[in-house]
Amino acid sequence: MPGIVMFGRRWGIASDDLVFPGSFELFVRVLWWIGTMILFTYHKGHFDCNGRGVLHSYLVGLLVVLAFIILSLCAIVYVSAQGTITNPGPRRSIPVLVYLRALLYIPELVWACLGAVWVSDDSQGCDPATVGAVIAAVVASWIILLFTGLGVVFVFDPLGNPRPQPAAMEPLGVRDLESNESTQFLSTARTLAVKVWESRLRLLCCCLPQDESHRAAFSSIAQLFSGFFSDTDLVPSDIAAGLALLHQEQDKMEQSRDPEVTVDHSPSSPIGEDLETELEKAAHCMKFAAAAYGWPMYVYSNLLTAPCKLSGDCCRSRAAEYDIVGGDNLGCHFSSILHSTGLQYRDFIYVSFHNQIYEIPFFVALDHKREAVLVAVRGTLSLKDVLTDLSAECENLPIEGVSGACYAHKGISQAAGYIYKKLVNDGILNQAFSIAPEYKLVITGHSLGAGTASLLAILLRNSFPTLQCYSFSPPGGLLSKALADYSKDFVVSVVLGKDLVPRLSIPNMEDLKRKILKIVSNCNKPKYRILLQGCWYELFGGDPDDFPTEMDNRREEELSQPLLGEESLMIRHSSSYQSLASDDSPAHTAAHLPLFLPGRVLHITEDGPSRRSCFSQVRYRADWSNEMAFRSILISPRMLADHMPDAVLRALSSLTSERPFTLCPSSLSNSQQNTV
């Protein structure tokens, strides 16, 4: 539903978004009115104290004002609950009701001032309970006025000028032909949108230095965000409703999916090097990838013991270590790495906690157990890392010996280039291999660190042909198809469950936007019911709801045409939008270059029902997958929890310690296929 238009501008709230806030205020106002009536009735309208006339007028006026407010709120809640997201017709009177409710703030403000004056000047000699009740009423009035003001600020849309809509009876082709005037308007709107997003980013990252590199990152991210949101007119609650509907739709499809679909065995694994071996290596490397986060992850994973273990190490004077450890003033990060990996101080070649945009922490150590020089790259842990993540446009990354288009995620590519220069130009790898010349090179990382590790492995591959990379929960929008295929010989990506990040790319987000537009425009239930049932489903599970849709009775051939409701949610037709009757894959989007996961993909899923009690034992299964299986975002309560490094480490540890019970049977046989 497009944002409501009031006071000459469009707001970031729709006419069907007033059910919940209106119901909450209505509940408070009814209790308030009942309490005031009890107080007035108890004293029978006669008060034996100074200022009794003012008090009597205040209470009578308060009862009247509250009664009008309650009536207006009842009307707002009732009307706001009518219609559907794309059918605002039954709610056309909402602006008038909101104007009326806004006018009632004037007498409420006057009465709040009158109550405050009475309490301060004329309340001597009155019953303390009466004085307390009036004080509570005055304070409640000011609190509601304050929260109303904050709500107005919250839903204010800086880009909220009413947008011109195409004529309803104009053919679609004619509407797409923009005049010079409309083209100039859209150009101005895009420029303003970029500036607004830049201002938001600067406000969010106000603690960061505003140097040239940060300004360039802000500008790049602002252009990405403004472009993504510029062709739709959805408010945040529409997106929440769409995600709730889409989650249940995906669960229904998953329940009816054929479980016997198979893919070929991992393309680069010889028969002797099976899934079991790769899992053992991955579980070992994941300890280092998690350790790279330093003390926050160590304390999070060991809440009871970590503070005691680190208390004796942090702040201890160890001057010799600071030649190696940079950016770790108290030494807590390095102490956590020592505890997490079990390595000794002498095993570390280089440790850096220096953190800037496109420059992320990493360490180089000698892993004697696996006879490897191990490079571990830290994932996202700061606002600077978030800016690196969000610099998601493509950047050329030519690699010798790779045919085809070679490009990658800009922010991660630059982070990999930074570490590459450190390792090669500063002689860090030469120092490591001078100590252990027979060791092989292994690179690992989680999340942002996983993407950086994969690109770093690609950059180092020609110099170190035997290197291996284990990439845990890498970003989905990382590599071009040519580089992804090239990396299959030496990169293994590990993805847990319905993790969001390996499915996160600009084409996938465009695909998600199209699906939300379709499912929201088709559903004929009011938004408040969608959100209530969606919350119940997320919290307590159950069977996915069969939401009736406006196209239930349409003929099959009519489904090839865009829906009117779906069209109404589009501000303008962009290259990222198509009719959703055929949404096979986001790869068809021509506006953005497709990006893929690196290397071979090892997918770990929970074996058993998706819903389980908090105390039940979880068993996992691991299967070889491919990058095309992650070309769509899955909505799930675990889409963020499955990304956490401790969850990935726990799953890998479970698989390697209870192998006969958790590995799928096909991975333990001599078969050339694995079950998906």
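Above this note sits the structure.
What comes next concerns the included structure. All figures in this text were calculated on a predicted structure; none of them were measured in a lab. (Residues numbered from 1 in each chain as written. Predicted model: local features only at pLDDT ≥ 70, side-chain atom pairs only at ≥ 80, totals over all residues. Heavy atoms only, no water.)

Some thoughts on the packing of helix α15 (residues 410-425) against helix α17 (residues 448-460)
- The contact between α15 and α17 brings their axes to 8 Å, and the two run at 55°. In this view, α15 runs oblique relative to α17, as classed from their interaxial angle. Where α15 crosses over α17, the two elements pack in a sense that is right-handed. Where α15 approaches α17, its residues I412, S413, A415, A416, G417, I419, Y420, L423 and V424 are matched on the opposing element by L448, G451, T452, L455, L456, L459 and L460.
- Residue classes in the contact of α15 with α17 are distributed as 12 nonpolar, four polar and no charged. (Axes fitted to C-alpha atoms, helices over the stretch in contact; angles between N-to-C directions. Helix = DSSP H or I, 4+ residues; strand = E, 2+ residues; numbered from the N terminus. Parallel < 35°, antiparallel > 145°, perpendicular 65-115°, else oblique. Left-handed = near helix turned anticlockwise from the far one by under 90°. Contact = heavy atoms within 4.5 Å. Nonpolar A, V, L, I, M, F, W, Y, C, P; charged D, E, K, R; others polar.)

Things to note about the packing of helix α3 (residues 94-103) against helix α4 (residues 105-121)
- The contact between α3 and α4 brings their axes to 4 Å, and the two run at 15°. The angle between the axes of α3 and α4 places the two elements in the roughly parallel class. Contact residues: α3 offers R101, A102 and L103, while α4 offers Y105, I106, P107 and E108.
- For the contact of α3 with α4, the residue count by class is five nonpolar, no polar and two charged.

Let's talk about the state of the cysteines
- This structure, assessed with the given rule, holds zero disulfides.
- For C285, which is in no disulfide, the shortest distance to another cysteine sulfur is to C469 and amounts to 8.8 Å.
- Owing to a relative accessible area of 5%, C285 belongs among the buried residues under this scheme. (Disulfide = S-S within 2.5 Å. Buried < 20%, exposed > 50% of the residue type's maximum accessible area, 1.4 Å probe, protein only.)

Quick notes on a positive patch on the surface
- Residues K287, K369, R370 and K440 make up a contiguous surface patch of positive charge.
- Position of K440 among the secondary structure elements: in strand β10 (residues 440-446). (Patch = residues over 30% accessible without salt bridge, like charges linked within 9 Å, V, L, I, M, F, W, Y side chains within 5 Å. Areas by Shrake-Rupley, 256 points an atom, 1.4 Å probe, with all protein chains shown as cover. Salt bridge = Lys/Arg side-chain N within 4 Å of Asp/Glu carboxyl O. Lys, Arg positive; Asp, Glu negative; His and termini not counted. Charge placed at Lys NZ, Arg CZ, Asp CG, Glu CD.)

Focus on the nonpolar core
- Grouped together as the largest cluster of nonpolar side chains are 46 residues, with contacts concentrated most on V375, L423 and L441.
- Those elements giving two or more residues to this core turn out to be β6 (362-367), β7 (372-377), α15, α16 (428-435), β10, α17 and α18 (481-486).
- Take this core: its biggest share by element is seven residues, from α17.
- Filtering out sequence-adjacent residues up to four positions away, L423 remains in contact with F362, V364, V375, I428, L429, L456 and L460. (Core = buried A, V, L, I, M, F, W, Y, C linked by side-chain atoms within 4.5 Å.)

Here we look at the environment of G115
- If you trace the backbone, G115 turns up in helix α4.
- On a C-alpha basis, the gap between G115 and V138 in space is 6.1 Å, while along the polypeptide they are 23 residues apart.

Digging into the pairing of β10
- Along β10, six of the seven residues are buried, which leaves the element largely enclosed by surrounding structure.
- Taken together, the six bridges between β7 and β10 define a ladder with parallel strand orientation. Of the residues in β10, the one forming a bridge with A376 is T444.
- The pairing of β10 with strand β11 (residues 468-472) spans five bridges and is parallel. Residue H446 lies in a different strand from β11, and its bridge partner there is F472.
- Crossover β10 to β11 through α17 is right-handed. (Pairing = 2+ DSSP bridges. Right-handed = clockwise from strand over helix to strand, strands pointing away.)

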